[in-house]
Amino acid sequence: MNMNRELEYMFVQCARVWIPDAEEVWKSAELTKDFKNGDASLQLMLEDGTSIEHKLDPKTKNLPYLRNPDILVGENDLTALSYLHEPAVLHNLKVRFIDSKLIYTYCGIVLVAINPYETLGIYGTDIINAYSGQNMGDMDPHIFAVAEEAYKQMARDERNQSIIVSGESGAGKTVSAKYAMRYFATVSGSTSEANVEQKVLASNPIMEAIGNAKTTRNDNSSRFGKYIEIGFDTRYRIIGANMRTYLLEKSRVVFQADEERNYHIFYQLCASSHLPEFKTLKLSSANDFLYTRQGRSPVIQGVDDTKELSTTRNAFTLLGINESYQMGLFQVLAAILHLGNVEIKDKDSDSSLIPPNNRHLTAFCELVGVTYQDMTQWLCHRKLKTATETYVKTLPCLQATNARDALAKHIYAKLFNWIVEHVNKALITNIKQHSFIGVLDIYGFETFEINSFEQFCINYANEKLQQQFNMHVFKLEQEEYMKEQIPWTLIDFYDNQPCINLIEAKMGILDLLDEECKMPKGSDDSWAQKLYNTHLKTCSLFEKPRMSNRAFIIQHFADKVEYQCEGFLEKNKDTVNEDQINVLKASKFDLLVELFQDEEKATSPTGQVPGTGGRTRLSIKPDKGRDKSSKEHKKTVGCQFRNSLQMLMDTLNATTPHYVRCIKPNDFKLAFSFDPKRAVQQLRACGVLETIRISAAGFPSRWTYQEFFSRYRVLMKQKDVLSDKKLTCRNVLEKLVEDQDKYQFGKTKIFFRAGQVAYLEKLRADKLRVACIRIQKTIRCWLARKKYLRKRSAAITIQRFTRGYQARCLAKFMRRTQAATIIQKYQRMYMERKRYKQKQAAALVMQTILRAYMARQKYQGLVREHNAVIIQKRVRGWLARCWYKRCLVSLVYLQCCFRRMKARRELKKLKIEARSVEHFKKLNKGMENKIMQLQRRIDEQSKDNRSINEKLVSLETSSTAERERMRGELSRLRGVEEDAKNKGNQVTSLLEQLEKLRKELSSTQKEKKTIEDWAQTYRDEMEKMVSELKDQNCSLKKEKDDLNRLIQEQSQQMTEKMARAIVEKTQQLETDLNEERSRYQNLLTEHRRLEEKYDDLKEAMVSSNVSKPGHRRTDSTHSSNESEYTYNSEYAELEEGSRAAEDVTRGMDTSLTLKLQKRLTELEQEKQSLRNELENREDQFQRARARDDVEFKKARGAELEYESLKRQELESENKKLKHDLVEIRRSLLGNAATGAGAPGSPAYKVVLEQLNASCEELEVRKEEVLILRSQLVSQKEAMHHKDEKETMTEPSAYVEDVSKLKDAGELKQAYIGLKDTNRSPRFMRKPLEVSDLLSRLRSAAPDFHKLNEDGELWLVNQGLKETIRLLEHQLQTQRRGYDSEVESLRGELQNVKEENNRQQQLLAQNLQLPPEARIEASLQHEITRLTNENLELLAEDPTASREARVIILRRMVDLMEQLEKQDRTIRKLKKQLKVYSKRIGEMGAGQTEGQTSPGQMVDEPIHPVNIPRREKDFQGMLEYKKEDELKLVKNLILELKPRGVAVNLIPGLPAYILFMCLRHADYVNDDQKVRTLLTSTINSIKKILKKRGDDFETVSFWLSNTCRFLHCLKQYSGDEAFIKHNTQRQNEHILSNFDLAEYRQVISDLAIQIYQQLIKCMENILQPMIVSGMLEHETIQGVSGVKPTGLRKRTSSIVDEGTYTLDSILRQLSAFHSTMCQHGTDPELIKQVVKQQFYIIGAVTLNNLLLRKDMCSWSKGMQIRYNVSQLEEWLRDKGLMTCGAKETLEPLIQAAQLLQVKKKTDEDAEAICSMCLALTTAQIVKVLNLYTPVNEFEERVSVAFIRTIQTRLRDRCESPQLLMDTKMIYPVTFPFNPSSLALETIQIPSSLNLSFLTRV
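Residues numbered from 1 in each chain as written. Predicted model: local features only at pLDDT ≥ 70, side-chain atom pairs only at ≥ 80, totals over all residues. Heavy atoms only, no water.

**Some remarks on the overall build of the protein**
Working step 1: Helix and strand content of the protein: 60 helices and 26 strands.
Working step 2: Buried positions account for 45% of the 1896 residues belonging to the protein.
Working step 3: For the protein, the computed accessible surface area is about 101000 Å², with 53% contributed by carbon and sulfur atoms. (Helix = DSSP H or I, 4+ residues; strand = E, 2+ residues; numbered from the N terminus. Buried < 20%, exposed > 50% of the residue type's maximum accessible area, 1.4 Å probe, protein only. Areas by Shrake-Rupley, 256 points an atom, 1.4 Å probe, with all protein chains shown as cover.)

Pasting the structure below:
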């Protein structure tokens, strides 16, 4: 009932099942209708939408396989699948292989490896390091995980291990074995052992050449099996290897099927036959030899056989097989090819012959060194022995040919064994083997269309291996059940022992085959009949084909295989004509003799090989040389193979096996292409499905109680949850699963039958779905109510606004009504008022018109009267005037006559004057004088006219009075009438003359008008020209502004570009500097590691040879491996150690010692060179930065000055042009009225000069603008071309040229020279003549553009400019000379001041020193001063320097004499000091004597009472005796406890004490003491670090003290860069005698080593915590559920005792930080340490994330981000946010974000590409491939989306490396950190036991 209920529950609508398919093997389908018990069919729908009806088997009623939930698809372990069956396995492998590009998958204890046919980057050293030390289930499946498990079990269980790699040809067995060996060599921990791995790998080309061939399935198929034992010592480091080979396919030497080849070596030789060294082999093309052309495929596409032979020869050389042996091997191989071409013909039916002079046989005999006659004889004959006689029998052609082929196969087999033996010799070592790991690379199960003896043996071996595998799996299952105390029930699994018995038991197939081989007339047919008779009816596994009597079928564990009996006997016998062997043994060819001599040494197939350390031999070499062992020689191939296979099984049974099954995904070698048919066939053959079946038969799904509780907590009610998790799980399971046989409760786990986890998952999914529906219902209700409330609120709001709108409309209507009433009122009032106004206006108009009419009438009457009066007045006046005019005319006539006479006279005079020269000159002075004269003449004439008129008036008045008188005189007048007539004639002439003058006046006036018109035209033209000049000036201004703006923009761009270039160069230099630092520090690490290794070797040799007596002998090649600063005379124990090392030198590996010494020397040299290079790089960096800053400032300043100069000059020129225009206007407007602008006038000349100057300047400006433009273009081109070159040193040609001009004067001269160059060629023409100039001036319309074309008017101006330039240049030259003199005087004054200060400082220092030091210091100063003077004199005058040198030598001699006198005085004073000391002791002043230093007593030896007073002023030094140095080092370094010092004393106290001791040694000028103290300190620190290097507190303590000691050496070194931070008192403590710069470098190197040791120590502490705390531990509980796991259990994420959490990491980080702070570590150094810590955390976490599929989920991304935020909070609390530690976590942060973002659309892909900048493309794709949904509600990342990401990221230039380098250490720097602590104030505590130190 329960079973039926579960079926009905599982087989419901939408349930997915697997149904068989002919093409895809299994096809997925979905139920469209619920299944009910009793139904005969299922209604299904395929994935393509096709509906089908699946009928059930009426007998078994077996339902189809159920499909696993989507969240279980793609699991790392196949046993984690709830439904364990073939389709589930196949689908899981396909999804991992195709979609996720994962080639490894666990299947219980088996690693399934699918050949990708593509190179993958998952085998690097970083991957090896990631898998090293990890549990097998904690990481994604990998060959390295299997290798690590084997290595770990070997070390843990002290048991040998085996890795069994099997699979079809081409499945990747050899590559997997190679990677496993590489892993062992890498993790073994020693670089020297990697040579063994290199040799093993070097053997691969050799073994592939002689043992691999092309088959139809694989171009490089291994045709033999091999088992490599990798040996390890007691420390589990590789010491050697050994190789066994099995079942070489010898038949391939003489026969190949179609599309196949012989062994590669033959084709390599044929392809290289053209080489000179191979001429003697007489080879040619592979198609010319029978043994290489049968397959008709001599060439492999993409393989160069010539290069492959070169690789093979190099491998031979690496393994110690020299050239002569190699040529011998090639000679034997060539002989085999020639032997195959020996043609044997029929002589008759029973005999055969070889034609004479067969060239191939001749070549064979020459190559192997035998006679032609012997080989001809025994190739066609054989001996038959009887009891009494021996017969020689001829052989038929067929038998002779078979004998020839058998000989060729035998020779090749011997050669193969010889090569394997020599490879083993190269891999064997003398060190005792402690344990080994074997790697078995053996052929998988094979079945072809034609299967022969080789396939039979291969399948027999696979049967044995499968049996061993089944037993091992069964054993593991049994152990697991017994461990959990679950009732053990026998699981029915396939046992292939019957099949093995069929093959190897008595009367089995092999036994009958050997028996048939012994029969004289045995044949394949008779053997087949025996098989049929024996096994056909008795064994169900043996069958006979229906259509053949020469074949048989065996039912193997994988499949049925039909074997053809033809050739079984011949291949099993493997007989060789002994006479042919004897001929070869008699050969003159030493190598061939050596090959066949091995047969005499071998007594049995399992015999021991001498000299191989007791290991078993790899090949079976029966002994033919003795008659006693003839039976042994007669052993068949089957028997030998059975024995060797039994040996292999015994070896495997004695080890712990690990299984790797290689799968070939397709037969066409296509990358990541999966053929389900081929895959299923191999899965069945390799035993994977059998493993699944065994697991499914029991309880395959296993959960810990905590994991079950965490996963299925949702299925429990609150009342079901108890404090006891085990009881809770039991109660829940009893309710959920009623059939108790479906599960079992163990001690720590719950075991489930197959399918139960899927059932529970469905219950969980249903419960979650119901919960989701409830949540959705509630949320939708909340959303609907929220929407309703929003609508209701909106409706109310709308109503409110509507009602308000209506009220406003009503109010508006009422306001409008009231307004209309008011408007009507006022409108009506306005109309009435308007009508009244109109009437009023009409009345007023009528009154006005009437009154106006009446007024006009009255006015007209008055006007008529007035006009009449005026007419009367005018008429009367006219009559009076007529009378007056008649009188006046008469008088005027008289006057005119008289004046005409006078005018004619005057005219005659004027004509005479006009004819004179002077008058002509006056007239020609200019039109202006002429006009003035005419104007004056007109004025005079007008005056005359006025005077005449006045006279006429006076005459008229007088005539009236005298009329009467004149009447009386009429008579008298009549008398003179004649005279009046004459005078009248004169008046007529005068009138004519006057008319002439009037005509002249009118002509003059016309001429004046013409001049005025011309002046107006000229004025207009000038104004037009001025406007044009204004326009040109404006355009020039605009161009100037554009040029200035362009120059400014380009200068700004250049500045920015130079700044960017400087920044980039700076960054590049900093990067190079960091790389050099990193390399240097890595070399220091390597140096320290070699030192430690050397010390370990010495200790090992001392311990191993300490008890051996004998004579001591020193090896001349042995050299000390101590540091270059170590002295052998320091300690007695070091001397004893070195003597002990010399004693045991003869017992060590000399070659290893020499290599280590050579490597150490090279590392030291490289370290020194790197140190020098680092210093040079730093100096270059500083100099380059300073130089670039100076050049940039200089170039920028020069450029700005050049631009300002041009701008100022252009502005001045513009001002000048404006001034000229103003003058032109003024001159034209000011003199226009007087005609001053006429040609030839001064104003006209001024205008011409200014106009020409303006035109000239305009042309010059145009040329300058063109030059500036060309310069800008060239500047742009230079910048464009030089951007890609040296951007920093040569930014552009323009800046380079400008920067060459040193000051403003040179810039001005250059610019003026540029103008002169532009101007001068245009004004070197012939000057104009004066007449030409005058003619141009007189022309009516002169051409002003041609007026000054030759520049005569500009020459004067140019000369003045040149004079001004010359004067300015002289003035600037004088100014520069004056400035240089002032600067030199200032420099001399500064030097004098510095010298004075230096002398004062030296004097002050000398006054503070004791007398002996004072004298020495003064002597040293004097010598230095004299040396400097000597150098200066030598530089100035060599002759004077010689004289000065003589003087200096004399002075030095005098100084030396004074020094000797002072020494004598000092010795005398010391003697007096001793006398006084004795007296003081006698007087009871011993205490004072004990505190007084000798140096202080020397100052005043006669006044001992002053000594105590001077002791109070301590000088910050500690004095010790030479013999106390060892005690000082021992108490202060070796036996010091860091914890007590850090807690109770000041930080860095040991460093201060050591430096104070060093100061005293420097003070007394004892170089030996300084050297030994520093060396002892360094070596002691190294010793304590070696002894306690794993203690973080110790390493941190000595890192802090080493840095403090280094800072003290810098602070008191006297260098300006360091002493500027000191106080005045600290500057008094500067070292005075020794320069310890080299020792500072040594101590800096020591600090680097300590820092690296600190990082390593921290890494060892943090490493176990990181993965557990950052990834596995659920900081936010309940976010991620635990998925089902398989047999390979991962580490639980549930907190147990001993499990590390994030709090553990934070506590450890806080402990590190507090410890370093207590020790007084520099803050900058603490920041670097924290940055390195966070890098390790981020790198390890990310690497594990990239290698763990179970960690790549949305919930895990949230956990990681939360953990990172906690780390950032820790940084913030410690004030370390600026140390760069947060940036090191950026890759991890982005990986966590990548797990949480959407991964569907192109927009998501774009967001991912822009977000994940710190991740490489490989890492992004890996995370996306590994993304695994934890719940059914999540979705996997589609393949199309991943390809989109790859397409978008393909242009990235980055490293293809997948994992981050966890071993990378940032280069450390030690910024100078001076101490403010005064040395004289330091007190030495008594707890340090340093009472022998005396304060000075």
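**Regarding the confidence of the model for the protein**
Working step 1: For the protein, per-residue confidence averages 77 on the pLDDT scale, and residues scoring 70 or more make up 74% of the total.
Working step 2: Counted against residues more than four places away or in other chains, residues 190–194, with its pLDDT under 50, gives seven contacts.
Working step 3: Here residues 1690–1697 scores under 50 on pLDDT; set against residues more than four positions off or in separate chains, the count is 22 contacts. (pLDDT = per-residue confidence, 0-100. Contact = heavy atoms within 4.5 Å.)

**Overview of the packing of helix α13 (residues 397–427) against helix α19 (residues 578–585)**
To describe two helices that pack against each other, one gives the angle between their axes and the distance between the axes.
Working step 1: In the contact formed by α13 and α19, the axes pass within 10 Å of each other and the chain directions differ by 50 degrees. As the angle between them shows, α13 and α19 are arranged oblique. Helix-helix and strand crossings are classified by hand; for α13 and α19 the assignment is right-handed. Where α13 abuts α19, its residues A403, L407, H410 and I411 lie against Q580, I581 and L584.
Working step 2: Split into classes, the residues belonging to the contact of α13 with α19 amount to five nonpolar, two polar and no charged. (Axes fitted to C-alpha atoms, helices over the stretch in contact; angles between N-to-C directions. Parallel < 35°, antiparallel > 145°, perpendicular 65-115°, else oblique. Left-handed = near helix turned anticlockwise from the far one by under 90°. Nonpolar A, V, L, I, M, F, W, Y, C, P; charged D, E, K, R; others polar.)

**A short note on the packing of aromatic side chains**
Working step 1: The tally for this structure, following the rule as stated, stands at 36 aromatic pairs.
Working step 2: An angle of 90 degrees between the planes, with centres 6.2 Å apart, marks the rings of F184 and F232 as edge-to-face. Placement of F184 in helix α5 (residues 173–187) and of F232 in strand β11 (residues 225–232) is noted, with a sequence separation of 48 residues between them. Here F184 matches F232 in class, with each residue buried.
Working step 3: On the basis of an interplanar angle of 75 degrees and a centroid distance of 5.7 Å, the ring pair of F445 and F557 is categorised as edge-to-face. Taken together, the residues F445 in the loop between β17 (435–443) and α14 (453–483) and F557 in the loop between β19 (551–555) and β20 (560–564) connect sequence positions 112 residues apart. Summarising the burial analysis for this pair, F445 and F557 share the class buried.
Working step 4: Pairwise contacts between aromatic rings join F453, F456, W527, Y532, F542, F552, Y563 and F568 into one cluster. (Phe/Tyr/Trp six-rings, centres within 6.5 Å; stacked < 30°, edge-to-face > 60°.)

**A short note on the pairing of strand β8 (residues 161–167)**
In regular strands, side chains alternate between the two faces of the sheet.
Working step 1: Counting buried residues in β8 gives seven out of seven residues, a clear majority hidden from the surface.
Working step 2: With seven bridges connecting them, β8 and β17 associate as parallel partners. Of the residues in β17, the one forming a bridge with V165 is D441.
Working step 3: Note: β8 against strand β21 (residues 656–663), seven bridges, orientation parallel. Within the sheet, the bridge partner assigned to Q161 lies in β21 and is T656. (Pairing = 2+ DSSP bridges.)

**Topic: helix α15 (residues 497–504)**
Working step 1: Of the residues making up α15, those classed as buried are C499, I500, L502 and I503. Summarising the axial view, the buried residues of α15 lie within an arc of 155 degrees, below the 170-degree limit, and thus occupy one face.
Working step 2: Residues of α15 that are buried sit in contact with α14, α16 (509–518), α17 (524–535), β18 (542–543) and β19. (Arc of directions from axis to C-beta.)

**With respect to the packing of helix α52 (residues 1637–1672) against helix α55 (residues 1754–1774)**
Working step 1: Closest axis-to-axis distance for the α52/α55 pair is 8 Å, and the angle between their directions is 115 degrees. Contacts between α52 and α55 involve G1669, M1670, L1671 and E1672 from the first element and K1756, I1760, N1763, V1764 and L1767 from the second.
Working step 2: Of the residues in the contact of α52 with α55, the class split is five nonpolar, two polar and two charged.

**So, the pairing of β21**
Working step 1: With eight of eight residues buried, β21 lies mostly within the body of the structure.
Working step 2: Burial along β21 is two-sided: T656, H658, V660 and C662 and P657, Y659, R661 and I663, pointing in opposite directions, are all buried.
Working step 3: Sheet topology places strand β7 (residues 110–114) next to β21; five bridges connect them, and they run parallel. Paired with I114 across the two strands is I663, which belongs to β21.

**Here's the deal with the environment of Y131**
Working step 1: As for its placement among the helices and strands, Y131 is situated in helix α3 (residues 125–131).
Working step 2: Accessibility expressed as a relative area gives 3% for Y131, which makes it buried.
Working step 3: The spacing of Y131 and V146 is 15 residues in sequence and 9.7 Å in space, taken between C-alpha atoms.
Working step 4: Residues within four places of Y131 in sequence aside, it is in contact with M139, D140, P141, H142, F144, A145, E148, Y183 and L1747.

**Re the sheet that holds β19**
Working step 1: Reading across the sheet, the three strands line up as β18-β19-β20 and stay open at both edges, with antiparallel pairing between neighbours. Here the strands that pair on one side only, and so sit at the sheet edges, are β18 and β20.
Working step 2: Where α17 meets the sheet, it contacts β18 and β19, and its direction lies at approximately 40 degrees from that of β19.

**Thoughts on unusual backbone geometry**
Working step 1: Although it is not a glycine, K101 adopts a positive phi angle of roughly 55 degrees.
Working step 2: Judged by its relative accessible area of 34%, K101 is partly exposed.
Working step 3: For F672, which is not glycine, the phi torsion reads 50 degrees and is therefore positive.
Working step 4: Mapped onto the fold, F672 is located in the loop between β21 and α23 (676–686).

**Description of the pattern of salt bridges**
Working step 1: Summed over the entire model, instances satisfying the criterion amount to 43 salt bridges.
Working step 2: One salt bridge in this structure joins R244 and E229, with 2.9 Å as the shortest N-O distance. With R244 in strand β12 (residues 238–246) and E229 in strand β11, this residue pair connects regions lying 15 residues apart in the sequence.
Working step 3: With relative accessibility at 8%, the residue R244 sits in the buried group.
Working step 4: In this structure, R313 engages E277 in a salt bridge whose closest nitrogen and oxygen atoms are separated by 3.0 Å. In this pair, R313 sits in helix α9 (residues 305–318) while E277 sits in the loop between α7 (264–271) and α8 (290–293), placing the two residues 36 residues apart along the sequence.
Working step 5: With relative accessibility at 33%, the residue E277 sits in the partly exposed group.
Working step 6: Beyond isolated ion pairs, a larger network of salt bridges with shared partners links R223, E249, R252 and E260. (Salt bridge = Lys/Arg side-chain N within 4 Å of Asp/Glu carboxyl O.)

**Details of the sheet that holds β21**
Working step 1: Across the sheet, which stays open at both edges, the seven strands sit in the order β6-β7-β21-β8-β17-β11-β12 with mixed pairing between neighbours. Unpaired on one side and paired on the other, β6 (104–107) and β12 mark the two borders of the sheet. Averaged over all pairs of adjacent strands, the angle between their axes in this sheet comes to 20 degrees, without regard to strand direction.
Working step 2: Sheet strands touched by helix α2 (residues 86–99): β6 and β7. Its angle to β6, the strand with the most contacts, is close to 155 degrees.
Working step 3: Taken strand by strand, helix α22 (residues 637–653) contacts β8, β11, β12 and β17, and its axis lies near 135 degrees from that of β17.

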